[in-house]
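# Breakdown of the fold
As a plain string of letters, each chain reads:
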Amino acid sequence: MSASKQKKLNKMEVEPNEDDSSSSEDDDDDEPHPDAYKGNEEVQIEFEGRAPVDPDAQGISQLLQRLFLRAHINLNQMADLIIAQNFIGSVICQCDDESTESETEDDNMVEDGTIFGITSVLNLTAKKDQPSIAQLRTYILDRAKTHASQEVQQQLKEILDSEQRHVGFLINERFINIPAQISVPLLQSLQQEIEAAKAKKMKFDFGTLLLLVKFYRKESKKGKPGEDIYTNAEDELLSDRAKFSFEYSMASEADSGMSGDWLEGDAVMTPYRKLLVLEAKKLPQLIDDIQRFINGE
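The protein chain is annotated in an unreviewed UniProt entry as Protein BCCIP homolog from Drosophila sechellia. In the Sequence similarities (unreviewed entry) part of its UniProt record, the protein chain is described as follows: "Belongs to the BCP1 family."

Given below as structure tokens:
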């Protein structure tokens, strides 16, 4: 993406939680993880979406590491593949203008060059001989073999083995406290870039998109039902719209901060992953649905 294609995204503001000081003991079970943002400060950062470039490789790899944790996938090479398709995808970074710098440099809250998110797609069919893509395909099928039904395993294998329609691996990762509204322009841009690539007869004519999403399962306690809390709010809607999916716990692979080194009385939240199988032709409608979902319509 050239400089003229850079997208200014809305200023994202994390509001302080006005109820922090007045919460009652009855709400203890609903308190977030101790390491989660407590809402006791206000942060304003103006973001932009731009094409990933070589210096972004480490930041992209670190975001992917949060998704895959201890999986045997060469995430550095995967980051290089994402950057190599400089006509597809965007990274989220802080706007590099003087006003933004002056607002944040005193607090030193953000390191220069930090990558806050990545939205892109990789072709699992055309690039299946690339080591990281081969490892990713194996990872997906192995997880399905352990956690999915026989029917889902068969459907997934047929999709990945097909040479007639390409399969894309959709990547939509960002820092946890960045509001979901940012996902809409990034996904819209990605959809436009895919269409432009297809018009040039490039290998982005996907029949299916796979999306791996993160969520936490809050276990039922004291008569209260369990609850699934998605890291990216839009993933809840996409999960409902998926053609099919399967999920699996990451408790054995997460560190203590994620898997639940809980204090007595805390609600147990177990990290999970869910693989969504989406119809690529429905991506424009899904993006519209996400916008309405985020707006509460």
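Counting its regular elements, the protein chain contains 9 helices and 9 strands. Sequence-distant contacts in the protein chain: of pairs separated by 6 or more residues, those separated by 24 or more amount to 80%. Total accessible area on the protein chain stands at roughly 15,800 Å², and carbon and sulfur atoms take up 44% of it.

Let us now look at the packing of aromatic side chains. Under the defined criterion, the tally for this structure stands at 10 aromatic pairs. With centroids separated by 6.4 Å and ring planes inclined at 75°, the aromatic side chains of Tyr139 and Tyr248 adopt a geometry described as edge-to-face. Of this pair, Tyr139 sits in helix H4 (residues 131-147) while Tyr248 is found in strand S8 (residues 244-249), placing the two residues 109 residues apart along the sequence. Tyr248 matches Tyr139 in its accessibility class, with the two residues each being buried. Between Phe215 and Tyr230, the aromatic rings sit 5.2 Å apart at their centres with planes inclined by 35°, giving tilted as the arrangement. Placement of the pair is Phe215 in strand S6 (residues 206-218) and Tyr230 in strand S7 (residues 227-230), with a sequence separation of 15 residues. Here Phe215 falls in the buried class, since its relative accessible area comes to 1%. Of the residues examined, Tyr230 reaches a relative accessible area of 14% and is grouped as buried. Joined through ring pairs, the aromatic side chains of Phe68, Tyr139, Phe169, Phe246 and Tyr248 make up one cluster. The aromatic ring of Tyr272 is capped on one face by Arg217, whose charged end is 4.5 Å from the ring centroid. For Lys274, the ring lying beneath its charged end belongs to Phe215, and the centroid distance is 5.3 Å.

Geometrically, a packed helix pair is captured by the angle between its two axes and the distance between the axes. It is the contact of helix H7 (residues 234-241) with helix H9 (residues 283-294), at a shortest axis distance of 9 Å, that shows an interaxial angle of 135°. Regarding the angle of H7 to H9, the classification is oblique. As H7 packs across H9, the resulting crossing turns out to be right-handed. When H7 is examined against H9, the residues Glu234, Glu236, Leu237, Leu238 and Arg241 are found in contact with a partner set consisting of Leu286, Asp289, Ile290 and Phe293. Taken together, the residues of the contact of H7 with H9 sort by class into 5 nonpolar, no polar and 4 charged.

Residue placement: Leu69 occurs in the loop between helix H1 (57-68) and helix H2 (75-84). Taking C-alpha positions, Leu69 is 6.7 Å from Glu253, a pair spaced 184 residues apart along the chain.

Next up on the list: the pattern of salt bridges. Pairing of side chains with opposite charge becomes possible as their charged atoms draw close. Applying the stated rule across the entire model yields 15 salt bridges. Close ionic contact of Arg217 with Glu247 constitutes a salt bridge, the shortest N to O distance being 2.8 Å. Within this pair, whereas Arg217 is found in strand S6, its partner Glu247 is found in strand S8, the two being separated by 30 residues in sequence. Within the structure, one salt-bridge network assembled from shared partners comprises Arg165, Glu195, Lys198 and Asp205.

Turning our attention to the pairing of strand S3 (residues 90-94). Regular strands show a simple pattern: their side chains alternate between the two faces of the sheet. Extensive coverage of S3 is indicated by the burial of 5 of its 5 residues. Across the two faces of S3 the burial is the same, with Ser90, Ile92 and Gln94 and Val91 and Cys93 all buried. The pairing of S3 with strand S4 (residues 117-123) spans 3 bridges and is classified as antiparallel. Its bridge partner being in S4, Ser90 is matched across the sheet by Thr119.

Cut-offs applied
- Residues numbered from 1 in each chain as written.
- Predicted model: local features only at pLDDT ≥ 70, side-chain atom pairs only at ≥ 80, totals over all residues.
- Heavy atoms only, no water.
- UniProt positions renumbered as here; feature names shortened; annotations may be inferred.
- Helix = DSSP H or I, 4+ residues; strand = E, 2+ residues; numbered from the N terminus.
- Contact = heavy atoms within 4.5 Å.
- Areas by Shrake-Rupley, 256 points an atom, 1.4 Å probe, with all protein chains shown as cover.
- Phe/Tyr/Trp six-rings, centres within 6.5 Å; stacked < 30°, edge-to-face > 60°.
- Buried < 20%, exposed > 50% of the residue type's maximum accessible area, 1.4 Å probe, protein only.
- Lys NZ or Arg CZ within 6 Å of the ring centre and 35° of its normal.
- Axes fitted to C-alpha atoms, helices over the stretch in contact; angles between N-to-C directions.
- Parallel < 35°, antiparallel > 145°, perpendicular 65-115°, else oblique.
- Left-handed = near helix turned anticlockwise from the far one by under 90°.
- Nonpolar A, V, L, I, M, F, W, Y, C, P; charged D, E, K, R; others polar.
- Salt bridge = Lys/Arg side-chain N within 4 Å of Asp/Glu carboxyl O.
- Pairing = 2+ DSSP bridges.

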